[in-house]
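# Survey of secondary and tertiary structure
The lines below spell out each chain.
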Amino acid sequence: MSLTSNIKRSLVPLYQQHARKLHELTYLFFELTNECNLTCLHCGSDCIKDSGVPNLPAEKVLGVLGDIKSKNDSHKISVVLSGGEPLCYPNVFQLGRQITGLEFPWGMVTNGYAWNQKRVRQAKESGMCSATVSLDGLADTHDWLRGRQGSYNKAVNAISLLIDENFLQAIDVITCANRRNLNQLEAIADKLVALGLKEWRIFTISPIGRATEFSDLFLSPSEYNHLLTTIRRLRERSDIAVRLSESGYLGKHHELDVRDQYFFCRAGISVAGVMVNGDILACPNIDRRFRQGNIHQDSFMDVWEHKYQVFRDRAWMRVGRCKDCGEWRNCQGNSFHLWNLDKNEPKLCHCRDYELIA
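Residues numbered from 1 in each chain as written. Predicted model: local features only at pLDDT ≥ 70, side-chain atom pairs only at ≥ 80, totals over all residues. Heavy atoms only, no water.

The secondary structure content of the protein chain amounts to 13 helices and 12 strands. On C-alpha atoms alone, the protein chain measures out to a radius of gyration of 20 Å, which is about the 21 Å that the 2.2 N^0.38 rule sets for 358 residues. Considering only C-alpha atoms, the protein chain reaches an extent of 55 × 50 × 40 Å along its principal axes. Here the protein chain holds 358 residues, and 53% of them are scored as buried. Partitioning the intrachain contacts of the protein chain with sequence separation of at least 6 by distance along the chain shows that 69% fall at a separation of at least 24. Carbon and sulfur atoms make up 48% of the accessible area of the protein chain, which amounts to about 15,800 Å² in all. Seen as two clouds, the 44 positive and the 41 negative side-chain charges of the protein chain have centres 2 Å apart. (Helix = DSSP H or I, 4+ residues; strand = E, 2+ residues; numbered from the N terminus. Rg over C-alpha atoms; globule rule 2.2 N^0.38 Å. Buried < 20%, exposed > 50% of the residue type's maximum accessible area, 1.4 Å probe, protein only. Contact = heavy atoms within 4.5 Å. Areas by Shrake-Rupley, 256 points an atom, 1.4 Å probe, with all protein chains shown as cover. Lys, Arg positive; Asp, Glu negative; His and termini not counted. Charge placed at Lys NZ, Arg CZ, Asp CG, Glu CD.)

The following block contains the structure:
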């Protein structure tokens, strides 16, 4: 690592400390529904076709956004509609139109299954700005992971429709790397380029939700290192921008090789989430016991300003194998969604469990 790189890296914790103190909200998730048209093996929320859990009322979503807008510049806060599958939420584009009316840029995370020309038109008319579509391998692998035959073709069709209509400010694809698609990544890149996609994120499965029942989904240390090598090679391509999503801290020798910025878990710092039952959390995959309030009783902005300390000061997490770790300053206990509240330790340490540092 060069002297310049070492200096830049040494400044990262100072920047992160400032961001925690400022805690400027820039990204807000709404888990609109637990209903989904797929049954993905790796689902962090364990969503099903008919969950029986009531949807998050649209008026509550708008109430939260009105509260936020009264004290913030709405243009600087991205709203993301998620689930479950947001297209399973009744009148989702009518809600989107109202979010646009409040001057928030908004988008959604979707599995792509339910998209067609009509829904693309509705998305465009509602002012939707961004979309993230999941594509988890070539046809057989994607359909296996997503639990429904034909889901690959549906996802590819959604990506094609959204790109061709050319109304989104941003569109990317996210791929869950696992043992079955690890050697398909180059072919997936070629497919995405052929569709006209410019941005691609890759992540690994976390030991949370439904995924815990399928241990064969998780990469071994040698497979994970193979993944990093593949991503480095993919990042040399000029026809698509590839990066590893912020799955966890990788150590100083890998960070900027596979992503554009140093690892920084922004849960509760610049990112917040409202769950389907109204719980105010930090992101959809975090243990729900870390709830900071509930929008049915609490003001979101009051919670954002006066709670969330469990996310912003992680000193309490420096226990167990994190206690004397030399990487603590940069890692801070790894991604928050990996924290095991019962055992008071991270479920996964990328540096040690994947043998990324000596």
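Here we take up the nonpolar core. Of all hydrophobic cores here, the largest spans 94 residues; its most connected members are Phe30, Ile68, Trp115, Met128, Leu192, Trp200 and Phe300. Residue contributions to this core peak at 8 residues, all from helix α6 (residues 151-165). Those residues within four positions of Trp115 in sequence are excluded, and the remaining contacts are Leu87, Phe93, Met108, Thr110, Val120, Ala123, Met128, Asn157, Ala158, Leu161 and Leu162. Counting 7 residues, the second largest nonpolar core, distinct from the first, contains Cys176, Ile205, Ala211 and Leu217. (Core = buried A, V, L, I, M, F, W, Y, C linked by side-chain atoms within 4.5 Å.)

Turning to the sheet that holds strand β4 (residues 130-134), a few remarks are in order. By way of backbone hydrogen bonds, the strands of a sheet pair with one another, either parallel or antiparallel. Read across the open sheet, the 10 strands follow the order β7-β6-β5-β4-β3-β2-β1-β8-β9-β10; overall the sheet is mixed. A single partner strand is all that each edge strand has here, and the edge strands are β7 (241-244) and β10 (293-294). Strand direction decides the pairing type here: strand β1 (residues 27-31) and strand β8 (residues 271-274), joined by 4 bridges, are parallel. The partner of Tyr27 across the bridge, within β8, is Val271. (Pairing = 2+ DSSP bridges.)

Looking now at the pattern of salt bridges. Inspection of the entire model under this criterion finds 16 salt bridges. Of the charged contacts, one joins Lys69 and Glu103 as a salt bridge, the two residues approaching to 3.0 Å between their closest N and O atoms. A residue pair is termed long-range when its members are at least 10 positions apart, and Lys69 in helix α2 (residues 58-69) and Glu103 in the loop between α3 (92-101) and β3 (106-110) qualify at 34 residues. Linking Arg232 and Asp257 is a salt bridge whose minimum nitrogen-to-oxygen distance equals 3.3 Å. In this pair, Arg232 is assigned in helix α8 (residues 221-234) and Asp257 in helix α9 (residues 255-258), connecting sequence segments 25 residues apart. For Asp257, a relative accessible area of 37% corresponds to the partly exposed category. Each of Asp190, Arg237 and Asp239 takes part in salt bridges that share partners, so that together they form one network. (Salt bridge = Lys/Arg side-chain N within 4 Å of Asp/Glu carboxyl O.)

Interaxial distance between helix α5 (residues 139-146) and α6 falls to 8 Å at its minimum, and their mutual angle equals 105°. As the angle between them shows, α5 and α6 are arranged roughly perpendicular. Across the interface between the two elements, Ala139, His142, Asp143 and Arg146 of α5 pack against Ser151, Tyr152 and Ala155 of α6. Broken down by class, the residue content of the contact of α5 with α6 amounts to 3 nonpolar, 2 polar and 2 charged. (Axes fitted to C-alpha atoms, helices over the stretch in contact; angles between N-to-C directions. Parallel < 35°, antiparallel > 145°, perpendicular 65-115°, else oblique. Nonpolar A, V, L, I, M, F, W, Y, C, P; charged D, E, K, R; others polar.)

Positionally, Arg312 belongs in helix α11 (residues 309-312). With no salt bridge to any partner, buried Arg312 finds its closest opposite charge in Glu305, at an N-O distance of 6.0 Å. There is a polar contact of 2.7 Å between the side chain of Arg312 and the backbone oxygen of Gly268. In this structure, Arg312 is in contact with Arg20, His23, Gly268, Ile269, Trp304, Glu305 and Lys307, ignoring residues within four places of it in sequence. (Polar contact = N/O pair within 3.5 Å; in protein donor to acceptor, adjacent residues only side chain to side chain.)

Burial along β7 is one-sided: Val242 and Leu244 are buried, and none of Ala241 and Arg243, which face the opposite way, are. For strand β6 (residues 199-204) and β7, the ladder comprises 4 bridges, and the chain directions are parallel. In the strand pairing of β7, Glu199 is matched with Ala241.

This paragraph deals with α3. Those residues of α3 not exposed but buried are Val92, Phe93, Leu95, Gly96 and Ile99. Axial view of α3: buried residues confined to an arc of 150°, hence all on one face. Buried residues in α3 make contact with α2, β2 (78-82), β3 and α4 (117-126). Once α3 finishes, Glu103 follows within two positions and takes phi at roughly 70°, a positive value. (Arc of directions from axis to C-beta.)

Glancing now at the packing of aromatic side chains. By the definition in use, this model includes 14 aromatic pairs. Consider the rings of Tyr27 and Phe29, whose centres lie 5.2 Å apart with planes at 75°: the pair is edge-to-face. What makes Phe29 buried here is its relative accessible area of 16%. A ring pair is formed by Tyr308 and Phe311, whose centres lie 5.6 Å apart and whose planes are at 40°; its orientation type is tilted. Classification of Tyr308 by relative accessible area gives buried; the value is 0%. Among the aromatic side chains, those forming a connected cluster through ring pairs are Phe290, Phe300, Trp304, Tyr308, Phe311, Trp316, Phe336 and Trp339. Here Lys154 stacks its cationic end above the ring of Tyr113, 5.3 Å away from the centre of that ring. (Phe/Tyr/Trp six-rings, centres within 6.5 Å; stacked < 30°, edge-to-face > 60°. Lys NZ or Arg CZ within 6 Å of the ring centre and 35° of its normal.)

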